[in-house]
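Observations on the three-dimensional arrangement
Take a look at the letters that make up each chain.
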Amino acid sequence: MSCWETIADYALRSVGVGERLLPRSDFTLCQQVVLIGSGMIWNVYFGVLALFAGFFLATAVALGKAAQSPVLRKPAEWFIFLFRGSPLFIQFFFAYFLFLSLKQVAPFFTPLTSAWAGALVVLFLNTAAYSGEIFYGALLSIPKGDTEAADAYGFSGWTRFRRIIWPTMLRLAWPAYTNEAIFLFHATTLVYFSGFPAFQQRGDALYYANYFADKTFNPFVPYPILAGYFILLTLALITLFGLINRWLNRHLPQERREKMKLRLTLMR
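First, a word on what this report is: a plain description of the structure on this page. (Residues numbered from 1 in each chain as written. Predicted model: local features only at pLDDT ≥ 70, side-chain atom pairs only at ≥ 80, totals over all residues. Heavy atoms only, no water.)

Quick look at the environment of G16
Put simply, the test is: Starting at the N terminus, helices and strands are each numbered in turn, a helix being any DSSP run of H or I of at least four residues and a strand any DSSP run of E of at least two.
Tracing the chain through its elements places G16 in the loop between helix 1 (3-10) and helix 2 (29-66). For the pair G16 and Q200, spaced 184 residues apart in sequence, the C-alpha to C-alpha distance is 8.6 Å.

Listed below in structure tokens is the structure:
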């Protein structure tokens, strides 16, 4: 089988398109690169949707934690504490068994026992908690002069938040939020180890890398391939978030635009 035939058969296998059976022997480098790359579709799926939805929940959680009313502040504080205080893998584990129990009560919860929905919910809540704490710190760091200027111009309520508070919060939080986004995509590899099953062997990138490592007894080929994919994904994220950071700071003179300094979090 040529490499082009391998691409045609396995490039979209992780989403159910192409050859259904996995290769059993005589594994080629092309097969490993293509299948692991196919699994990356799920990692990107989990990361993009969880990050997008978590961004808005994180904003709400940050505002709740900064609120004076305990009715809003306490739930936000406990939400952040719960998901930041427990390991992500344990969250996957308990969420899967919770969704199994809910499935027995109502069939409506059946999709949550699958990785595409259940694992996505866990990642969404987890990143919302971490991002919410980042945004909360940015809210506290907003210069007092900015809010006083907003008051002087007569801004209040939603207008004050949309035009002054929220843009300044994002500008201050963006470098740390970029690190959270990178870690979230790396954390999607934990889905393979969680209890959520891979339907018809349609797993993520780590699933296929582990498959080749088990079959060949040589982890020094598939795992570096997996690492290479995530390095490329990280570079893409840094580029995209760097462009957004430049747009957030577009009002500043060029010499005053602080470049993002990324400090990657290796563990939580």
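Having seen it, we continue.
A word on the nonpolar core
For clarity, the threshold we go by: Remark: nonpolar core denotes a set of buried residues (Ala, Val, Leu, Ile, Met, Phe, Trp, Tyr, Cys) joined through side-chain atoms within 4.5 Å. Relative accessibility thresholds used throughout: buried, under 20% of the residue-type maximum; exposed, over 50%; partly exposed, between the two (1.4 Å probe, protein chains only). Contacts: residue pairs with any heavy atoms within 4.5 Å of one another.
Core analysis: the biggest nonpolar cluster contains 60 residues, and F92, L123, F135 and L226 have the highest contact counts within it. Only helix 2, helix 4 (88-105), helix 5 (115-140), helix 7 (157-187), helix 9 (205-216) and helix 10 (222-248) provide two or more residues apiece to this core. No other element matches helix 7, which puts 13 residues into this core. If we skip the residues at most four places from it in the chain, F92 touches A119, V122, L123, L190, V191, S194 and F196. Membership of the second largest hydrophobic core comes to seven residues, among which are V61, A76, A128 and A129.

Section: the packing of aromatic side chains
Counted only if it meets this: Any pair of Phe, Tyr and Trp rings, taking the six-membered ring for Trp, is counted once the centres come within 6.5 Å. Such a pair is stacked with planes under 30 degrees apart, edge-to-face with planes over 60 apart, and tilted for the rest. Over a ring means this: the NZ of a Lys or the CZ of an Arg is within 6 Å of the ring centre and within 35 degrees of the ring normal.
On inspection of all chains with the given rule, the structure shows 29 aromatic pairs. With a centroid separation of 5.2 Å and 90° between ring planes, the pair formed by W42 and Y45 is classed as edge-to-face. Residue W42 and its partner Y45 are both found in helix 2; the two are separated by three residues, about one turn of the helix. When the ring of Y96 is compared with that of F97, the centres are 5.6 Å apart and the planes differ by 75°; the resulting orientation is edge-to-face. Residue Y96 is classed as buried on the basis of its relative accessible area, which comes to 15%. Look at F97 and you get partly exposed, because its relative accessible area is 43%. Three or more aromatic residues joined by ring pairs form one cluster here, namely F52, F55, F56, F135, W166, W174, Y177 and F241. Over the ring of W247 we find R250; its NZ or CZ atom is 4.0 Å from the centre of that ring.

Describing the side chain of N126
Test applied: We define a polar contact as two N or O atoms separated by no more than 3.5 Å, with the added condition that, inside protein, one atom must be a possible hydrogen donor and the other a possible acceptor, whereas residues neighbouring each other in sequence contribute only through side-chain atom pairs.
Relative to the helices and strands, N126 resides in helix 5. One polar contact links N126 to Q91, side chain to side chain, over a distance of 3.1 Å.

Quick look at a nonpolar patch on the surface
Selection criterion: A patch consists of residues whose relative accessible area exceeds 30% and which take part in no salt bridge; residues with like charges are grouped when within 9 Å of each other, and nonpolar side chains (Val, Leu, Ile, Met, Phe, Trp, Tyr) when within 5 Å. Note on areas: Shrake-Rupley with a 1.4 Å probe; residue coverage comes only from the protein chains shown. The salt bridge criterion pairs a side-chain nitrogen of Lys or Arg with a carboxyl oxygen of Asp or Glu, the two atoms within 4 Å.
A cluster of nonpolar side chains, contributed by F89, I90, F93, F94, F97 and F193, occupies part of the molecular surface with about 600 Å² of accessible area. The dominant element in the nonpolar patch, judged by the number of residues it contributes, is helix 4, at five residues. Examined against the element boundaries, F94 turns out to sit in helix 4.

Describing the pattern of salt bridges
Tallied over the entire structure, the rule returns four salt bridges. A salt bridge links R73 to E77; its shortest N-O distance comes to 3.7 Å. A residue pair is termed a helical-turn pair when its members lie 3 or 4 positions apart in one helix, as R73 and E77 do in helix 3 (residues 70-85) at four residues. The class for R73 is partly exposed, based on a relative accessible area of 22%. Residue class for E77 comes out partly exposed when judged on its relative accessible area of 25%. Two residues, R160 and D151, come together in a salt bridge whose shortest N-O distance is 3.2 Å. Assessed through its relative accessible area of 47%, D151 is described here as partly exposed. Connected via shared salt-bridge partners are R73, K74 and E77.

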